Amino acid sequence: MNMPEPLFVGKNILHFTEIESTNNFASELVTKTNPSEGTAIISDFQTAGKGQIGRYWHSEAQKNLLVSFILYPKSITINEQFMLNIISALAVADVVSMYKESVSIKWPNDIYVANLKIAGILVQNSLRNTQIKSTVIGIGLNVNQVIFPDDLPNPTSLFLETGTNYDLGAIFRLVASRLEYYYLLLKSRNLALLRNTFENRLYLRDEWAWYIHDDEGKFEAKITGVEKSGKLMMYMRDGKIKSYAFREIRFMH
Ligand code: BTN
């Protein structure tokens with residue numbers, strides 16, 4: 001895989017031993033100063049790591065990659081903001097794929113190895129009218145952690161998958177390089193290509209599986225792709241295609 005030195009993503013790095021949340025720090029930094037595009041906030045540990053839907057992101061100190069990148073995606077509108085989830089998921093999936101097979105993206109942007117979650121991503125956009133003023137792409141990639149708390153449903157790490165310890169700085173540079181690669185594709189408006197590449201990597205794509213809808217209950221469907229808005233498109237047992245927004249449905253496993 002082509003892995004050049006990134007030009008701007010991850011060039012400027014702020015590294016902490018401990019911080020509340022790299023996403024929170026990055027968001028504050030954007031409001032207070034004018035950090036250069038691609039600035040990365042890294043921490044060895046987070047006291048209040050943020051997951052999706054207000055959840056806590058667990059990570060043992062110094063074991064995993066905890067990073068937030070700051071970008072100013074001027075080339076897309078708010079209707080296209082799901083593209084930022086797409087580029088970050090593709091970047092992380094590419095890096096994990098360098099070490100292990102069976103890597104997929106569980107919609108909207110969890111990174112899976114087979115049926116286990118190896119990375120989570122939290123994209124937080126700050127909007128102004130129809131434009132995205134700035135975005136914070138927070139990535140938690142489990143690298144060297146061996147034991148996880150019992151209440152996490154299905155965690156894994158690069159170490160658990162391969163039996164090898166990795167240099168966190170090297171993993172960071174790979175992620176930065178892939179993120180820059182996909183971000184440049186986004187800047188040059190290769191939106192269809194990016195969406196296609198993302199769809200091809202979707203977990204359970206074209207496979208019958210069970211889902212739960214808050215109002216409609218359990219249903220069986222096949223994931224077929226994503227709409228431009230990021231909604232998940234599903235082929236139902238009755239032959240209809242339906243699409244669902246994040247939080248409307250849950251995977252049953
Ligand atoms: C998820 O719930 O899957 C998303 C997890 C995102 C975690 C990362 S760790 C680095 C960054 N800082 C945070 O507080 N969260 C993200």
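Reading guide: rules and limits
- Residues numbered from 1 in each chain as written.
- Predicted model: local features only at pLDDT ≥ 70, side-chain atom pairs only at ≥ 80, totals over all residues.
- Heavy atoms only, no water.
- Salt bridge = Lys/Arg side-chain N within 4 Å of Asp/Glu carboxyl O.
- Helix = DSSP H or I, 4+ residues; strand = E, 2+ residues; numbered from the N terminus.
- Buried < 20%, exposed > 50% of the residue type's maximum accessible area, 1.4 Å probe, protein only.
- Domains from an automatic or database assignment.
- Contact = heavy atoms within 4.5 Å.
- Buried area = accessible area lost by both parts, 1.4 Å probe.
- Pairing = 2+ DSSP bridges.
- Axes fitted to C-alpha atoms, helices over the stretch in contact; angles between N-to-C directions.
- Polar contact = N/O pair within 3.5 Å; in protein donor to acceptor, adjacent residues only side chain to side chain.
- Near = heavy atom within 4 Å.
- Areas by Shrake-Rupley, 256 points an atom, 1.4 Å probe, with all protein chains shown as cover.
- Nonpolar A, V, L, I, M, F, W, Y, C, P; charged D, E, K, R; others polar.

1. Some words on the pattern of salt bridges
Point 1. Throughout the structure, instances matching the rule amount to twelve salt bridges.
Point 2. Of the charged contacts in the structure, one is a salt bridge between Lys32 and Glu28, with a shortest N-O distance of 3.5 Å. Within this pair, Lys32 and its partner Glu28 are both found in helix α1 (residues 22–32), separated by four residues, close to a single helical turn.
Point 3. Between Glu216 and Lys242 there is a salt bridge, and its shortest N-O distance comes to 3.6 Å. Taken as a pair, Glu216 in the loop between β8 (208–213) and β9 (217–226) and Lys242 in strand β11 (residues 241–244) lie far apart in primary sequence, 26 residues in all.
Point 4. Here Lys242 falls in the partly exposed class, since its relative accessible area comes to 33%.

2. Things to note about the domain arrangement of the chain
Point 1. In terms of domains, the chain is made up of domain 1 (13–200) and domain 2 (208–251).
Point 2. Computed over C-alpha atoms only, the centres of domain 1 and domain 2 are separated by 24 Å.
Point 3. Taken residue by residue, the interface counts ten residues in domain 1 and 15 residues in domain 2.
Point 4. Summing the contributions of domain 1 and of domain 2, the shared interface buries around 1,100 Å²; its carbon and sulfur component is 73%.
Point 5. When the area that domain 1 buries against domain 2 is broken down by residue, the three leading residues are Ile53, Trp107 and Arg195, summing to 55%.

3. Examining the sheet that holds β8
Point 1. If you trace the five strands from one edge of the open sheet to the other, you get β11-β10-β9-β8-β12, paired in antiparallel fashion. Only two strands of the sheet have a single neighbouring strand rather than two, namely β11 and β12 (249–251). Here the average twist between neighbouring strands, direction ignored, is 50°.
Point 2. The pairing of β9 with strand β10 (residues 232–236) spans five bridges and is classified as antiparallel.

4. Regarding the sheet that holds strand β1 (residues 13–16)
Point 1. Strand order in the open sheet formed by seven strands is β1-β2-β3-β7-β6-β5-β4, and the pairing between neighbours is mixed. At either end of the open sheet lies a strand with only one pairing partner, and these are β1 and β4 (103–106). For this sheet, the mean angle separating the axes of adjacent strands, direction not counted, is 20°.
Point 2. Where β1 meets strand β2 (residues 40–43), four bridges bridge the pair, whose relative direction is parallel. Directly across from Leu14, in β2, lies its bridge partner Ile41.
Point 3. Contacts from helix α2 (residues 82–97) reach β4, β5 (110–113), β6 (116–128) and β7 (131–141) within the one sheet, and its direction differs from that of β6 by about 150°.
Point 4. Sheet strands touched by helix α4 (residues 168–187): β1, β2, β3 (65–71) and β7. Its angle to β3, the strand with the most contacts, is close to 30°.

5. Some words on the environment of Ser157
Point 1. Summarising the element assignment, Ser157 is placed in the loop between β7 and α3 (158–162).
Point 2. In sequence terms Ser157 and Val113 are 44 residues apart; their C-alpha atoms lie 9.0 Å from each other.

6. Observations regarding α1
Point 1. Those residues of α1 lying buried are Thr22, Asn23, Asn24, Ala26, Leu29 and Val30.
Point 2. On its buried face, α1 is in contact with β1, β2, β3, β6 and β7.
Point 3. For α1, the side-chain oxygen to backbone nitrogen distance between the N-cap and Asn23 is 3.2 Å, and the N-cap itself is Ser21.

7. Description of the site of the ligand
Point 1. With respect to spatial proximity, 20 residues lie near the ligand, and among them Ser21, Thr22, Lys50, Gln52 and Lys117 are the closest.
Point 2. Contacts to the ligand include Asp110, whose side-chain N or O atom sits 3.5 Å from an oxygen atom.
Point 3. For the ligand, an oxygen atom lies 2.6 Å from a polar atom in the side chain of Lys117.
Point 4. The fraction of the free accessible surface of the ligand (420 Å²) that becomes covered by protein chains is 98%.
Point 5. Of all the secondary-structure elements, those providing two or more residues to the shell around the ligand are α1, β3, β6 and β7.
Point 6. Of all the elements, β6 adds the most residues to the shell around the ligand, at four residues.
Point 7. Taken together, the residues of the shell around the ligand break down into six nonpolar, eleven polar and three charged.

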